[in-house]
Amino acid sequence: MKYCSACGKPVTQRIPDGDSRLRYVCDHCQTIHYQNPNIVAGVLPSHGNQVLLCRRAIEPRLGYWTLPAGFMENGETMEQAARRETVEEACARLHDLTLYHLYDLPHINQVHVFFRGELADLDFDVGVESLEVRLFEEHEIPWDELAFRTVRVTLECYYRDREKQHYPVRNDCLPPSFAPPPTIDS
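Residues numbered from 1 in each chain as written. Predicted model: local features only at pLDDT ≥ 70, side-chain atom pairs only at ≥ 80, totals over all residues. Heavy atoms only, no water.

Draft legend 1. View of the overall build of the protein chain. Scanning the protein chain from N- to C-terminus turns up 2 helices and 11 strands. For the protein chain, the sequential pattern of α-helices and β-strands runs β-β-β-β-β-β-β-α-β-β-β-α-β. Counting over 186 residues, the protein chain shows a buried share of 39%. When contacts within the protein chain are restricted to residue pairs at least 6 apart in sequence, long-range pairs at least 24 apart make up 60% of them. With the model as given, the accessible surface of the protein chain reaches about 10,400 Å², and the carbon-plus-sulfur share is 50%. (Helix = DSSP H or I, 4+ residues; strand = E, 2+ residues; numbered from the N terminus. Buried < 20%, exposed > 50% of the residue type's maximum accessible area, 1.4 Å probe, protein only. Contact = heavy atoms within 4.5 Å. Areas by Shrake-Rupley, 256 points an atom, 1.4 Å probe, with all protein chains shown as cover.)

This is the structure in structure tokens:
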């Protein structure tokens with residue numbers, strides 16, 4: 001950041017009085033510019049034994065498969081953001097959303113939140129951010145073509161939890177590595 005978004009004057013990096021972190025501060029109007037993590041909200045939509053995935057039509061990871069998800073907008077709840085992203089990417093409606101998996105990704109300043117949800121009907125289609133949308137049985141999941149590690153871990157947990165018919169709310173901190181995730185026993 002070079003200029004203050006409040007007055008347009010140059011900013012400097014320093015620790016403001018009463019704070020403990022380096023921030024961008026405007027010495028002209030005294031505005032402190034806080035930079036906070038972005039929240040990505042998404043859904044693992046299911047229909048019976050199948051899961052709905054979308055092939056991305058946009059970067060990052062163009063052409064790879066993902067769960068419907070995207071950045072939360074101001075003025076909406078996480079659930080509203082997850083539902084909106086599902087409509088945008090898969091033209092799909094959901095019911096029975098329940099919080100399922102939260103990921104802290106401090107290395108990219110993001111938090112990913114996934115809900116589980118049932119498709120309200122099979123009237124889904126390719127949305128503006130998708131090349132293809134389809135239902136997959138577990139053995140059909142394109143594991144090597146998944147766009148994001150959080151999607152992979154969410155699907156792996158879902159299939160383990162489905163065997164037990166117990167879906168605990170999970171919270172994980174994923175390191176910046178793209179190595180296979182550790183086994184989650186709970």
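Draft legend 2. Quick peek at the pairing of strand β9 (residues 110-119). Counting buried positions along β9 gives 7 out of 10 residues, so the element sits mostly inside the fold. Alignment of strand β4 (residues 38-47) against β9, held across 9 bridges, turns out to be parallel. Each residue of the ladder has a partner; that of S46, found in β9, is E118. Count of turn residues in the strand β8 (residues 94-105)/β9 antiparallel hairpin: 4 residues, of which N109 carries a positive phi of about 55 degrees. (Pairing = 2+ DSSP bridges.)

Draft legend 3. Main features of the sheet that holds strand β3 (residues 32-33). On the basis of which strands lie adjacent, the open sheet formed by 3 strands has the order β1-β2-β3 and antiparallel pairing. Only two strands of the sheet have a single partner each, and these edge strands are β1 (11-14) and β3. Relative to β3, strand β2 (residues 23-26) is paired through 2 bridges, and the arrangement is antiparallel. The partner of Y24 across the bridge, within β3, is H33.

Draft legend 4. Main features of unusual backbone geometry. Omega for the peptide link from E59 to P60 comes to 0 degrees, which places this bond in the cis form. Here P60 lies in the loop between β5 (50-56) and β6 (65-66). The phi dihedral of C91 falls on the positive side, at around 50 degrees, and the residue is not glycine. On the secondary structure map, C91 appears in the loop between α1 (78-90) and β8. For N109, which is not glycine, the phi torsion reads 55 degrees and is therefore positive. Topologically, N109 is positioned in the loop between β8 and β9.

Draft legend 5. Just the packing of aromatic side chains, in detail. Scanning all chains against the criterion turns up 6 aromatic pairs. Taking the centre distance of 5.0 Å and the plane angle of 85 degrees together, the rings of W65 and F136 count as edge-to-face. On the criterion of sequence distance, the pair formed by W65 in strand β6 and F136 in strand β10 (residues 130-136) is long-range, its members being 71 residues apart. Across the pair, F136 and W65 agree in class, each one buried. Between W143 and Y159, the ring centres sit 6.4 Å apart and the planes meet at 70 degrees, which makes this aromatic pair edge-to-face. With W143 in the loop between β10 and α2 (149-164) and Y159 in helix α2, this pair connects stretches of sequence that are 16 residues apart. Aromatic rings pair up to connect Y100, W143, Y158, Y159 and Y167 into one cluster. One Lys or Arg, R116, reaches over the ring of Y100 and ends 5.8 Å from the middle of that ring. When the ring centre of F136 is taken as reference, the NZ or CZ atom of R134 above it lies at 4.0 Å. (Phe/Tyr/Trp six-rings, centres within 6.5 Å; stacked < 30°, edge-to-face > 60°. Lys NZ or Arg CZ within 6 Å of the ring centre and 35° of its normal.)

Draft legend 6. Spatial organisation of the side chain of Q110. For Q110, the location among the structural elements is in strand β9. Discounting residues that sit within four places of it in the chain, Q110 has contacts with P37, N38, V40, F71, Y103, D104 and L105.

Draft legend 7. Looking closely at the nonpolar core. Formed by 21 residues in total, the largest nonpolar core has its most connected members in V51, L53, L67, I141, L146 and L155. With 6 residues, the top contributor of residues to this core is α2. L67 has contacts with V43, L44, P45, V51, L52, L53, E89, F114, V151, T154 and L155, leaving out every residue within four places of it along the chain. In terms of nonpolar packing, the next biggest core, distinct from the first, is built from 16 residues, L52, A92, F115 and V133 among them. (Core = buried A, V, L, I, M, F, W, Y, C linked by side-chain atoms within 4.5 Å.)

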